[in-house]
Amino acid sequence: MKRTLGLTLAAALLSSTAYAQEKTVTVASWGGSYQEAQSKALFEPAAANTGIVVKQETYGGMSDVRLQVSSGAVSLDIVASGSGSAARAAAEGLLEKLDYSVIDVSTFYEGLYTDYCVGGDVFSTVYAWNTATYGDDGPQSWADFWDVDKFPGKRAYRNRVAGALEPAMMALGVAPEDVYAELDSEEGIERALDKIRELKPEIDVFWSSGAQQAQLMKDGEVDMSTGWNGRFDNAAKDGAQVKYSFNQALLDYDCFAIPLGAPNKDVAMEFLAEISKPEYQDDLPTYITYGPTNKAAYDTGVITAEMAAGLPSSPENAAMQLPVSLEWYAKWETIADEMYQEMLTE
């Protein structure tokens with residue numbers, strides 16, 4: 001009997017171990033200092049605490065998800081996404097609906113999660129400048145970014161439409177609160193594109209990634225660039241002579257989504273529930289200056305008052321910015337990006 005009981009217990013332990021080994025998720029993000037921060041603050045600690053094996057990949061955004069879903073060969077379980085791109089992907093039917101009976105968003109800021117994407121961090125699209133060129137007195141508005149007489153020098157701008165049209169509208173003098181109304185037609189989009197065409201001779205590089213925008217400033221290859229605040233902060237830590245302003249910046253958030261047909265959907269839901277907890281989100285700003293979407297992360301004591309003051313979602317900084325409209329991106333991103341790509345090839 002003892003031998004039989006021992007064998008039974010051994011079999012149960014082996015079965016339990018096998019089950020734990022089967023709990024695997026493949027997470028895709030954008031690489032560079034951003035994914036490194038996610039890995040240190042979220043992915044690795046959550047994997048250690050849950051026993052879920054996490055495989056990390058880098059990917060090219062929702063176009064990769066679209067290809068996987070349309071081909072029926074989905075290999076990714078969780079993807080990091082900009083909120084606007086996620087809204088568009090959800091409208092296309094590319095994402096699984098999230099289960100908020102599993103993922104607790106009761107202490108999240110309002111508007112930082114949807115049925116298909118749960119917020120992971122708050123960031124800003126800003127204009128940054130090289131202090132070796134302009135000192136501390138760089139541009140303080142998008143009109144300044146466009147002013148090549150007042151601020152001569154090489155520019156860098158994004159090669160995709162996300163976060164590209166709103167600055168052009170504000171450079172035209174459109175009030176931030178009116179930007180999306182002005183962009184709510186092909187004629188309005190064309191008006192913003194014309195403003196970018198005006199600056200195009202001064203744009204030396206159309207950047208494709210956060211790592212590239214940071215490297216451009218570190219190398220001094222350009223004098224100004226659009227980009228994400230946390231990337232520029234990390235570049236400054238690495239010795240880049242760079243500053244930026246939150247004035248007229250675009251306040252946005254990144255989120256996590258599950259592609260339709262993800263092979264480990266249930267485990268992915270469990271993992272998203274884990275990394276959405278405040279005890280993970282409070283660590284992210286220590287690696288990159290993006291704010292938490294779970295407001296309870298400010299109550300753990302990890303995020304100091306000094307650290308909070310430099311985050312995009314702090315009240316003082318948020319008040320200067322234009323919140324990105326997910327409704328606009330769900331409606332217009334595909335058409336606007338086609339028009340944008342045509343402009344780039346002119």
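About the criteria used
Residue positions are given per chain, counted from 1 along the sequence in the order it is written. Only residues with pLDDT of at least 70 get local features here, since the model is predicted, and only at 80 or more are side-chain atom pairs given and counted; chain-wide, interface and lining totals rely on the full set of residues. Note that the side-chain values use all heavy atoms of the structure and ignore hydrogens as well as water. We count a salt bridge whenever a side-chain nitrogen from Lys or Arg sits within 4 Å of a carboxyl oxygen from Asp or Glu. Numbering of helices and strands runs from the N terminus; a helix is a DSSP stretch of H or I covering at least four residues, while a strand is a stretch of E covering at least two. Buried means the residue's accessible area, taken with a 1.4 Å probe over protein chains only, is under 20% of the maximum for its type, while exposed means over 50%, and partly exposed covers the values in between. Confidence of the prediction at every residue is given by pLDDT, a number between 0 and 100. By definition, residues are in contact when any of their heavy atoms lie within 4.5 Å. The criterion for strand pairing is that DSSP finds at least two bridges linking the strands in question. Centres within 6.5 Å are what make two rings of Phe, Tyr or Trp a pair, Trp counting through its six-membered ring; a difference in plane orientation under 30 degrees is then read as stacked, over 60 as edge-to-face, and the rest as tilted.

Draft legend 1. View of the pattern of salt bridges. Evaluated as defined, the whole model comprises 16 salt bridges. One salt bridge connects E92 with R66, and the closest N-O pair in it is separated by 2.9 Å. With E92 in the loop between α4 (83-91) and β4 (118-130) and R66 in helix α3 (residues 62-71), this pair connects stretches of sequence that are 26 residues apart. Classification of E92 as partly exposed rests on a relative accessible area of 30%. In this structure, the salt-bridge partner of D136 is K243, at a minimum N-O distance of 3.1 Å. Of the two residues, D136 is situated in the loop between α5 (131-134) and α6 (142-146) and K243 in strand β8 (residues 242-257); the sequence distance between them amounts to 107 residues.

Draft legend 2. View of the confidence of the model for the chain. A residue-level look at the chain finds 94% of positions with pLDDT of 70 or above and a mean pLDDT of 92. For the stretch residues 1-20, pLDDT sits under 50, and the model shows one contact to residues farther than four places along the chain or on other chains.

Draft legend 3. Inspection of the pairing of strand β7 (residues 224-228) at higher detail. Where burial is concerned, most of β7 is hidden: five out of the five residues are buried. On β7, burial covers both faces: M224, T226 and W228 on one face and S225 and G227 on the other are all buried. Sheet topology places β4 next to β7; five bridges connect them, and they run antiparallel. Residue pairing in the sheet places T125 in a bridge with W228 of β7. Pairing analysis gives two bridges linking strand β5 (residues 155-158) to β7, with the strands arranged parallel. Paired with A156 across the two strands is S225, which belongs to β7.

Draft legend 4. Here's a closer look at the environment of V267. Along the chain, V267 falls in helix α12 (residues 265-275). Apart from the residues within four sequence positions on either side, V267 is in contact with K23, T24, V25 and I52.

Draft legend 5. Region of the structure containing the packing of aromatic side chains. Enumeration according to the criterion identifies 18 aromatic pairs in this entry. Seen from their ring centres, F43 and F271 are 6.5 Å apart, and the 35° between their planes marks the pair as tilted. Residue F43 is located in helix α2 (residues 32-50), and its partner F271 is located in helix α12; the two are separated by 228 residues in the primary sequence. Comparing F43 with F271, the two get one shared label, buried.

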